[in-house]
Amino acid sequence: MFKAAVLSFQLVLKLAEIQYEALSKSGDEKDLEKTHLVSQLEQMQKEFSQWRDGLLRRPLLHQSTLSYPSEIELWDAFFGLECTIERVTEQWLYSLETDLRKRITELQSDVQKIQVCCVESSAKAIAKSHRAVQTCFQDLCLSAIKSICQVGKEGDLLQALLSDPKFLHSSILSSIVVESAARFGEDTVTQLLNGQSAVHILLSQGDWNQWKVEEDACLVMQKCQSILGSLVISLCQGNIPLSHLQTVLKNRNNFQKIYKNCMKYGKLDNIPIDSEELLAQREKDLLALKEQRAHVDVLINMIGKISEMIQVPEISLLE
């Protein structure tokens, strides 16, 4: 339906170009007519946009599929309209981009702004469309990824996307990994074990190398995989930092999940351990440490009470 309308409008633009060129050759006395012609074309563009909006009454997506199967092709055709009158072209492209971005932002959630770039019904069409169409979808997709990562829900997003990864583009997956890593900063142990971390999701589901990711995301994955190996070794040797041990014990199920998965796919240089038994032992060690600390605290308090009567030069060292 829209193809005939687009062809008709393209014909109008071509006729206007011929008329505009003829007026341009007639000198300055035809400037008023040229201005009037441009105004007429701009008014036609507005009416054409209103006609388009009348076609697209329903939301862009409905239950993860396009409400209008040919909508991406429609936008592509609109962006493909050609006109040599520079002012008309600039206004048309600006108006189109503004309207398309508004159309995408009207989706109910940030997840849908990402899904529209990953489901078969739209991903193929976007990939073949005008560069401006691709840019609009990509920009708003990346913005949505940042928003989801900032509220710590990237794990749920990634689980949903990996359930049907056929059209999950490497740039989208990479952005999720990188933005998720930024949320955790230097706390890579929490990043490894937090159930909403993109790294944790990928390390706990098969071989993460099966997913195509860009260089920056690949570096994040390799770094975290290396840290997991160091964490396992320090747990075995008993020299793990206290904060790391507490994080591991707090997320013991997640630790065991990624350890077993990475061992299964040969990602830990063959460090075989009984993870459940090892964590139980380290938990006992932690409890013993807490008891010793409590005893020392009691001793320091007792010494503090008598320090005014008795001089204890070693008190600072003891503390």
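Fair warning: this is a prediction, and the values are worked out from it, not measured in the lab. (Residues numbered from 1 in each chain as written. Predicted model: local features only at pLDDT ≥ 70, side-chain atom pairs only at ≥ 80, totals over all residues. Heavy atoms only, no water.)

A look at the overall build of the protein chain
Definition in use: Numbering of helices and strands starts at the N terminus; helices are DSSP runs of H or I of at least 4 residues and strands are runs of E of at least 2. Summary of the burial criterion: residues with accessible area below 20% of their type's maximum are buried, those above 50% are exposed, and those between are partly exposed, where the area comes from a 1.4 Å probe applied to protein chains only. In what follows, a contact means two residues having at least one pair of non-hydrogen atoms within 4.5 Å. Accessible areas in this description were obtained via Shrake-Rupley with a 1.4 Å probe; residue shielding takes into account the shown protein chains only.
Within the protein chain, the secondary structure is distributed over 16 helices and 2 strands. Within the protein chain, the proportion of its 319 residues that are buried is 42%. Sequence-distant contacts, at least 24 apart, represent 68% of the contacts inside the protein chain between residues at least 6 apart. Accessible surface, the protein chain as shown: approximately 18300 Å² in total, 52% of it carbon and sulfur.

Concerning the packing of aromatic side chains
The description of an aromatic ring pair rests on the distance of the ring centres and on the angle between the ring planes. To keep it simple, the criterion reads: To pair, rings of Phe, Tyr and Trp, with the six-membered ring standing in for Trp, must have centres within 6.5 Å; the planes then decide the type, stacked if under 30 degrees apart, edge-to-face if over 60, and tilted in the middle. Only lysine NZ and arginine CZ atoms are considered, and such an atom sits over a ring when it is within 6 Å of the ring centre and within 35 degrees of the ring normal.
Summed over the entire model, instances satisfying the criterion amount to 7 aromatic pairs. Ring centres of F78 and W92 lie 6.0 Å apart, and the angle between their planes is 45°; this geometry places the pair in the tilted category. Taken together, the residues F78 in helix α3 (residues 71–79) and W92 in helix α4 (residues 86–105) connect sequence positions 14 residues apart. Over the ring of Y68 we find R58, and its NZ or CZ is 4.6 Å from the ring centre.

Notes on α4
Threshold: What a helix should span is 1.5 Å times the count of its residues minus one. Directions are taken from the helix axis to each C-beta atom, and the arc is the one they span.
Across its 20 residues, α4 extends 29 Å between first and last C-alpha, which sits within 8% of the 28 Å expected from 1.5 Å per residue. Residues V88, W92, L96, L100, R103 and I104 constitute the buried set of α4. Down the axis of α4, the buried set is contained in an arc of 115°. They therefore lie on one face. Opposite the buried face of α4, by more than 90 degrees, sit the exposed residues E86, Y94 and K102. Buried-residue contacts for α4 involve α1 (2–24), α2 (31–55), α3, α5 (110–115) and α7 (131–150).

Some details on the packing of α3 against α7
Rules: Only C-alpha atoms enter the line fits that serve as axes; for helices the fit covers just the stretch in contact. Angles between N-to-C directions range over 0 to 180 degrees. Our angle categories are set so that under 35 degrees counts as roughly parallel, over 145 as roughly antiparallel, 65 to 115 as roughly perpendicular, and the remainder as oblique. In this count, Pro and Cys sit with the nonpolar residues alongside Ala, Val, Leu, Ile, Met, Phe, Trp and Tyr, while Asp, Glu, Lys and Arg are called charged and the others, Gly among them, polar.
Their axes nearest at 8 Å, the elements α3 and α7 cross at an angle of 130°. By the angle between their directions, the pair α3 and α7 is classed as oblique. On α7, the residues that touch I72, W75, D76 and F79 of α3 are A132, V133 and F137. For the contact of α3 with α7, a count of residues per class yields 6 nonpolar, no polar and 1 charged.

Some thoughts on the pattern of salt bridges
To keep it simple, the criterion reads: Think of a salt bridge as a Lys or Arg side-chain nitrogen and an Asp or Glu carboxyl oxygen that are within 4 Å of each other.
In this structure the tally under the stated criterion is 12 salt bridges. The salt bridge involving E154 is made with R183; its shortest N-O contact spans 2.9 Å. Here R183 lies in helix α9 (residues 170–184) and E154 lies in helix α8 (residues 154–162), a separation of 29 residues in the sequence.

Concerning the packing of helix α12 (residues 215–237) against helix α14 (residues 252–264)
The cut-off we apply is this: Crossing handedness: left-handed means the near helix sits turned counterclockwise from the far one by under a right angle, and right-handed means the same turn made clockwise.
For the pair α12 and α14, interaxial distance at closest approach is 11 Å and the crossing angle is 110°. Judged on the interaxial angle alone, α14 and α12 are roughly perpendicular. Classified by chirality, the crossing of α14 by α12 is left-handed. Between α12 and α14, the residues in contact are L228, L231, V232 and L235 and F255, I258, Y259 and C262, respectively.

Focus: the confidence of the model for the protein chain
Worth spelling out the cut-off: pLDDT is a per-residue confidence score from the predictor, ranging from 0 to 100.
Of the residues in the protein chain, 89% have a pLDDT of 70 or more, and the chain-wide mean is 87. Taken element by element, the protein chain is modelled with least confidence in helix α16 (residues 315–318), mean pLDDT 57, and with most confidence in α7, mean pLDDT 96.

So, a nonpolar patch on the surface
This is how the line gets drawn: Excluding any residue in a salt bridge, patches collect residues exceeding 30% relative accessible area, merging like charges within 9 Å and nonpolar Val, Leu, Ile, Met, Phe, Trp and Tyr side chains within 5 Å.
A contiguous nonpolar patch, built from L11, L15 and I18 and spanning about 320 Å² of accessible area, is present on the exposed surface. For L11, the location among the structural elements is in helix α1.

Looking at the side chain of S197
Convention followed: A 3.5 Å cut-off defines polar contacts: any pair of N or O atoms within that distance qualifies, except that in protein one atom must be a possible hydrogen donor and the other a possible acceptor, and neighbouring residues in sequence count only when both atoms are side-chain atoms.
Structurally, the position occupied by S197 is in the loop between α10 (188–193) and α11 (198–203). Judged by its relative accessible area of 0%, S197 is buried. One polar contact links the side chain of S197 to the main-chain carbonyl oxygen of Q191, over a distance of 2.6 Å. Ignoring anything within four residues of it in the chain, the contact list for S197 reads E154, S180, R183, F184 and Q191.

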